[in-house]
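Here is how the chains run, residue by residue.
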Amino acid sequence: MDTVQFFDTTLRDGEQSPGFSMNQGEKVRLARKLDELGVDVIEAGFPVASAGELESVRAVAAQIQRARVAALARARREDVEAALAALEPAARPRLHIFLATSDLHLQAKLRISRQEALDAVSRWVRYGCEHCAEVEFSAEDASRSDIRFLLDVMETAAEAGATILNIPDTVGYSTPEEYGAIFHRVRSHLGRRDEIILSAHCHNDLGLAVANSLAAVRAGARQVECTINGIGERAGNASLEELAVALAVRQSFFDVRTNIHLEEIYSASRMLSEITGVSVPPNKAVVGANAFAHEAGIHQDGILKNPLTYEIIRPEAVGVPARRLVLGKHSGRNALRTRIEELGYRLSDAELAQCYGAAMGLADAAKDVTDRDLLTFVHQARRGRLAPNVPGESDAMAAASKIQ
Ligand code: KIV
Ligand code: ZN
């Protein structure tokens, strides 16, 4: 069975969207989590963007030993040199060079001819291969490019030494049938070149990023580019958790395997929300608060008799704590700590005390304290936005601690 490689671009495409920027320490922390999650490639950033960005990519490259670390560069000298400098400490570096190939981008944005584009691809991919063990080439806006020109570009990049050829649906315009057809065309044009991996990179402008990526896998793509929680430019990139779980749950249909450790998915999603302060919508597939919640009586009845009636994914399989904990005004600090740890957070005593005070305040207003409330308190405590003085836990409360 073939393996589909996961190329995570949370730290690059994800990070460059509004509200998601991360500092060096945050990038390194998330990169370690991505490594634990089993992603094959971590795209750490776009080093030419700023000195700080270059240092962040360098710090990630120095820390990560197992996964490959990629750095993005346009097909021009200053970008390639910056990316190579950032990748210098990497155990397994990948230089990722891109150039737009649609006439719209060539004419309106880059103001170069097709021939000039071909020359730039050839020159900078070749140069990259002389200085880095592995080079990926991306044809930006590939899905809106003239297919014959795209084939020429792919051929040129392969001739220059790129072994990963990425075919982005940069503006999320394609449909699954169209996108899959491009992969068939590129694969048959390149012929039998076993060293070449075709890669899918999809944006979600029409809500099709995951469907398009899966269509590419069906058509022979063996790398998918994605982000945690589907963050990324505009409506985002294909979501890593949705892709990984779809390929696992429907493995007999797709007939491929991945290296993703599914049980790390939930905590990776939570870590990203915690770092950026942006939570996922409750109805988000796989990691949303309601993804494994059942309220309707008929569904609850079915779940109690056999979870398969209404669940196609076991919550524990993706690291979602299966046990439900009802937190109310009789709950104790220990129950609160346990639940918060199940949600993927380890708090200091002071942070826990603040969350406890906030939770008790809410419970006193005669409300159950939900996971979403807890996550809000955790994020606020981490950002110093909760009152430090909180009521003590009474013996009666401690005795009444309960996990249901
Ligand atoms: O969406 C896109 O085309 C990109 C490339 C730089 C890979 O992010
Ligand atoms: Zn992109």
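Residues numbered from 1 in each chain as written. Chains lettered and ligands numbered in written order. Predicted model: local features only at pLDDT ≥ 70, side-chain atom pairs only at ≥ 80, totals over all residues. Heavy atoms only, no water.

**Regarding the overall build of the chain**
Selection criterion: Numbered from the N terminus, helices here are DSSP runs of H or I no shorter than four residues, and strands are runs of E no shorter than two. Just to be clear, the radius of gyration here is over C-alpha atoms, and the globule rule we use is 2.2 Å times residues to the power 0.38. What makes two residues a contact is simply this: any of their non-hydrogen atoms within 4.5 Å. Residue burial considers only the protein chains on display, and all accessible areas are found by Shrake-Rupley using a 1.4 Å probe. Positive charges are assigned to Lys and Arg, negative charges to Asp and Glu, while His and the chain termini are left out of the count. A charged residue contributes its charge at one atom only: NZ of Lys, CZ of Arg, CG of Asp or CD of Glu.
Within the chain, the regular secondary structure consists of 17 helices and 10 strands. Taking 22 Å as the expected radius of gyration for a compact globule of 404 residues, we find that the chain reaches 23 Å, a close match to that expectation. Considered along the principal axes of its C-alpha atoms, the chain spans approximately 75 × 50 × 35 Å. For the chain, the share of sequence-separated contacts (at least 6 apart) that also reach a separation of at least 24 residues comes to 72%. Carbon together with sulfur atoms contributes 50% to the accessible area of the chain, which is approximately 17,600 Å² in total. The centroid of the 46 positive side-chain charges in the chain is displaced by 2 Å from the centroid of its 55 negative side-chain charges.

**A short note on the pairing of strand 9 (residues 223–226)**
Basically, it comes down to this: Note on exposure labels: buried denotes an accessible area under 20% of the residue type's maximum, exposed denotes more than 50%, and partly exposed covers the range between, all computed with a 1.4 Å probe on protein chains only. Think of it this way: DSSP has to see at least two bridges between two strands before they count as a pair. The crossover handedness rule: strands pointing away from the viewer, path from first strand over the helix to second strand clockwise, crossover right-handed.
Burial along strand 9 is two-sided: Gln-223 and Glu-225 and Val-224 and Cys-226, pointing in opposite directions, are all buried. For strand 2 (residues 5–8) and strand 9, the ladder comprises 4 bridges, and the chain directions are parallel. In the sheet register, Asp-8 faces strand 9, and the bridge partner there is Cys-226. One ladder, built from 3 bridges, connects strand 8 (residues 197–202) with strand 9; its direction is parallel. Each residue of the ladder has a partner; that of His-201, found in strand 9, is Glu-225. Between strand 8 and its parallel partner strand 9, the chain crosses via helix 9 (residues 209–218), and the hand of that crossover is right-handed.

**What to know about the site of ligand 1**
Condition: Consider each residue's heavy atoms; a residue with any of them within 4 Å of a molecule or strand counts as near. Definition of a polar contact: a pair of N or O atoms within 3.5 Å, with one able to donate and the other able to accept a hydrogen when the atoms are protein atoms, and with sequence-neighbouring residues admitted only if both atoms are side-chain atoms. Following the grouping adopted for this structure description, the nonpolar residues are Ala, Val, Leu, Ile, Met, Phe, Trp, Tyr, Cys and Pro, the charged ones are Asp, Glu, Lys and Arg, and the polar ones are all others, Gly among them.
The local shell around ligand 1 consists of Arg-12, Asp-13, His-96, Phe-98, Ser-138, Glu-140, Asn-166, Pro-168, Thr-170, His-201 and His-203. For ligand 1, an oxygen atom lies 3.1 Å from a polar atom in the side chain of His-203. Contact with the protein chains covers 94% of the free accessible surface of ligand 1, which is 260 Å². Listing elements by their share of the shell around ligand 1, those giving two or more residues are helix 1 (10–14), strand 5 (93–100), strand 6 (135–140) and strand 7 (164–169). Taken together, the residues that form the shell around ligand 1 break down as 2 nonpolar, 6 polar and 3 charged.

**Concerning the coordination of the zinc ion (ligand 2)**
In an ideal octahedron of six donors the angles at the metal are 90 or 180 degrees, and in an ideal tetrahedron of four donors they are 109.5 degrees. Operational definition: Here the coordinating atoms are restricted to nitrogen, oxygen and sulfur within 2.8 Å of the metal centre, or 3.2 Å for Na, K and Ca, and because water is not among them the sites may look incomplete.
Ligation of the zinc ion (ligand 2) by protein atoms is provided by Asp-13 (OD), His-201 (NE2) and His-203 (NE2), these donors lying 2.0 to 2.1 Å from the ion. Motif for the zinc ion (ligand 2), donor spacing along one chain: D-x187-H-x1-H. With Asp-13 in helix 1 and His-201 in strand 8, this residue pair connects regions lying 188 residues apart in the sequence. Residue Asp-13 is classed as buried on the basis of its relative accessible area of 2%. For His-201, a relative accessible area of 5% gives the class buried.

**Description of the sheet that holds strand 6**
Put simply, the test is: Axis geometry follows a simple rule: fit a line to the C-alpha atoms, using only the stretch in contact for helices, then measure angles between N-to-C directions, giving values from 0 to 180 degrees.
Taken together, the 8 strands give a closed barrel; going around it, the order is 2-3-4-5-6-7-8-9, and neighbouring strands pair in parallel fashion. Here the strands of the sheet are splayed against their neighbours by 25° on average, with no regard to which way each runs. Across 2 bridges, strand 2 lies against strand 3 (residues 41–45) in parallel orientation. Bridge assignment links Phe-7 to a residue of strand 3, and that residue is Val-41. Those strands touched by helix 9 are strand 7, strand 8 and strand 9, and its axis lies near 165° from that of strand 8.

**Topic: the domain arrangement of the chain**
Let me state the cut-off plainly: Each domain's extent was defined by an automatic or database domain assignment. Accessible area that two parts lose when put together, evaluated with a 1.4 Å probe and summed over both, is termed the buried area.
In terms of domains, the chain is made up of domain 1 (2–276) and domain 2 (293–403). In this complex, domain 1 contributes 13 residues to the contact, which on the side of domain 2 involves 15 residues. Buried surface at the junction of domain 1 and domain 2, summed over both partners, amounts to about 1,100 Å²; 61% is from carbon and sulfur atoms. Among the residues of domain 1 in contact with domain 2, Tyr-266, Arg-270 and Glu-274 are the three that bury the most area, contributing 55% of the side total.

**Focus: the pairing of strand 7**
For strand 7, the buried fraction is high: 6 of the 6 residues fall into the buried class. Alternating residues of strand 7 divide into Ile-164, Asn-166 and Pro-168 and Leu-165, Ile-167 and Asp-169, and every residue in both groups is buried. As paired elements, strand 6 and strand 7 share 3 bridges and run parallel to each other. Bridged to Phe-137 within strand 7 is Leu-165. On the question of chirality, the crossover connecting strand 6 to the parallel strand 7 by way of helix 7 (residues 147–160) is right-handed. By the bridge criterion, 6 bridges tie strand 7 to strand 8 in an arrangement that is parallel.

**Some remarks on the packing of helix 4 (residues 77–87) against helix 6 (residues 114–131)**
How two helices pack is summed up by the angle between their axes together with the distance between the axes. Going by this rule: The labels follow the angle: roughly parallel below 35 degrees, roughly antiparallel above 145, roughly perpendicular from 65 to 115, and oblique for the rest. Here a crossing is called left-handed whenever its near helix is offset anticlockwise from the far helix by less than a right angle, and right-handed whenever the offset is clockwise.
Two numbers describe how helix 4 lies on helix 6: the axes approach to 11 Å, and their chain directions differ by 20°. With respect to their mutual orientation, helix 4 and helix 6 come out roughly parallel. Between helix 4 and helix 6 lies a crossing whose hand is right-handed. Contacts between helix 4 and helix 6 pair Arg-77, Val-80, Glu-81 and Leu-84 from the former with Arg-123, Trp-124, Tyr-127 and His-131 from the latter. Grouping the amino acids of the contact of helix 4 with helix 6 by side-chain chemistry returns 4 nonpolar, 1 polar and 3 charged.

**Observations regarding the confidence of the model for the chain**
Caution applies to low-pLDDT regions: their predicted coordinates should not be interpreted in detail. To keep it simple, the criterion reads: On a range of 0 to 100, pLDDT expresses the predictor's confidence in each residue.
Of the residues in the chain, 90% reach a pLDDT of 70 or more, and the chain-wide mean stands at 91. Here residues 389–404 is a poorly scored stretch, pLDDT under 50, and it has 35 contacts once near neighbours within four places are set aside; other chains count.

**Examining the packing of aromatic side chains**
Condition: Planes of paired rings set the category: under 30 degrees apart is stacked, over 60 is edge-to-face and the rest tilted, where pairs are Phe, Tyr or Trp rings (Trp by its six-membered ring) whose centres lie within 6.5 Å. Throughout this description, the term charge over a ring refers to an Arg CZ or Lys NZ atom that lies within 6 Å of the ring centre and within 35 degrees of the ring normal.
Taken as a whole and assessed by the stated rule, the structure comprises 3 aromatic pairs. Measuring from centroid to centroid gives 5.4 Å for Trp-124 and Tyr-127, while their planes differ by 75°, and the two rings are edge-to-face. In this pair, Trp-124 and Tyr-127 both sit in helix 6, 3 residues apart, roughly one turn of the helix. Using a relative accessible area of 19% as the deciding quantity, one classes Tyr-127 as buried. Taken together, a centroid distance of 5.0 Å and an interplanar angle of 75° make the contact between Tyr-179 and Phe-183 edge-to-face. With a gap of 4 residues between them, Tyr-179 and Phe-183 both fall in helix 8 (residues 176–190), about one helical turn apart. In this structure, Tyr-179 and Phe-183 share a single accessibility class: buried. Note that Arg-218 overlies the ring of Phe-253, its terminal NZ or CZ placed 4.1 Å from the centroid.

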